[in-house]
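# Chains, contacts and geometry: an overview
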Amino acid sequence: MYKEMAQAGLPAPVFESRRNEFVVTFFNSSKAKEADALGGAADNLLEYCRKPRTRDEIAAFLKIETVSYAMRKYVQPLLAEKRLAMSIPDQPRSRKQTYFTV
């Protein structure tokens, strides 16, 4: 399994022995592939946010219907990296909150 996963360019499977069961986890994408995919979207988002944008505007730009998913998947990591900032940092859940490129 290790060899097959490596040939497919995927991470090695994870084998776990739990109480009364043996679990094997296979991954269908590598973190590097995900990072590349997110990297392009993140760069586009940073360019888009040169002008402050709301949560709804960001989700629409990313073509994501669920605002919370867009925030969790794209905005939160950029905030953690300090590449994106909030206009009202003291009130992160404010309905008037906008996000802009640092």
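Structural data are supplied above this passage.
Now for a look at the structure at hand. All residue numbers refer to positions counted from 1 along the written sequence of the respective chain. Given that this is a predicted model, residues contribute local features only at a pLDDT of at least 70 and side-chain atom pairs are listed and counted only at 80 or more, while totals for whole chains, interfaces and linings are drawn from all residues. By convention in this description, side-chain values take in all heavy atoms of the structure and omit both hydrogens and water.

### Some thoughts on the nonpolar core
Formed by 18 residues in total, the largest nonpolar core has its most connected members in Leu-45, Ile-58, Leu-62, Val-75, Leu-84 and Tyr-99. Secondary structure elements are defined from DSSP: runs of H or I of at least 4 residues count as helices, runs of E of at least 2 residues count as strands, and each element is numbered from the N terminus. Among the elements of the structure, α2 (31-48), α3 (55-62) and α4 (67-80) are those that each provide at least two residues to this core. For this core, the element with the highest residue contribution is α4, accounting for 6 residues. The criterion is simple. A nonpolar core is a set of buried Ala, Val, Leu, Ile, Met, Phe, Trp, Tyr and Cys residues joined through side-chain atoms within 4.5 Å. Buried, partly exposed and exposed residues are distinguished by accessible area as a fraction of the type maximum, computed with a 1.4 Å probe on protein chains only: under 20%, between the cut-offs, and over 50%, respectively.

### Focus: the pairing of strand β2 (residues 21-25)
By this definition, two strands are paired if DSSP reports at least two bridges between them. Two elements, strand β1 (residues 14-18) and β2, share 5 bridges in a ladder whose sense is antiparallel. When the bridges of β2 are listed, Ser-17 appears paired with Phe-22. Between β1 and β2, which pair antiparallel one after the other, the connecting turn spans 2 residues, and Asn-20 there sits at a positive phi close to 60 degrees.

### Here's the deal with α3
Of all the positions in α3, only Ile-58, Ala-59 and Leu-62 are classed as buried. Taken down its axis, α3 places every buried residue within 95 degrees of arc, on the same side. In α3, the exposed positions that point more than 90 degrees away from the buried face belong to Asp-56 and Ala-60. Residue Lys-63 follows α3 closely and has a positive phi angle near 60 degrees. The arc in question is traced by the directions running from the helix axis to the C-beta atoms.

### Notes on the environment of Glu-81
Along the chain, the position of Glu-81 falls in the loop between α4 and β3 (84-86). Two N or O atoms count as a polar contact when they lie within 3.5 Å, although within protein this holds only if one can serve as hydrogen donor and the other as acceptor, and sequence-adjacent residues are included solely when both atoms are side-chain atoms. For Glu-81, the side chain forms a polar contact with the side chain of Arg-83, separated by 3.2 Å.

### Quick word on α4
Helices are assigned an expected span. That span is 1.5 Å times one less than the residue count. If you check α4, its first and last C-alpha atoms are 18 Å apart, about what 14 residues at 1.5 Å a residue would give, namely 20 Å. Fitting axes to the seven residues that end at a residue and to the seven that start at it, the angle between those axes gives the bend at that residue. Most pronounced at Tyr-74, the bend in α4 amounts to some 35 degrees, and the proline Pro-77 follows within four residues. If you check which residues of α4 are buried, you get Ala-70, Met-71, Tyr-74, Val-75, Leu-78 and Leu-79. Phi turns positive one or two residues past the end of α4, at Lys-82, with a value near 60 degrees.

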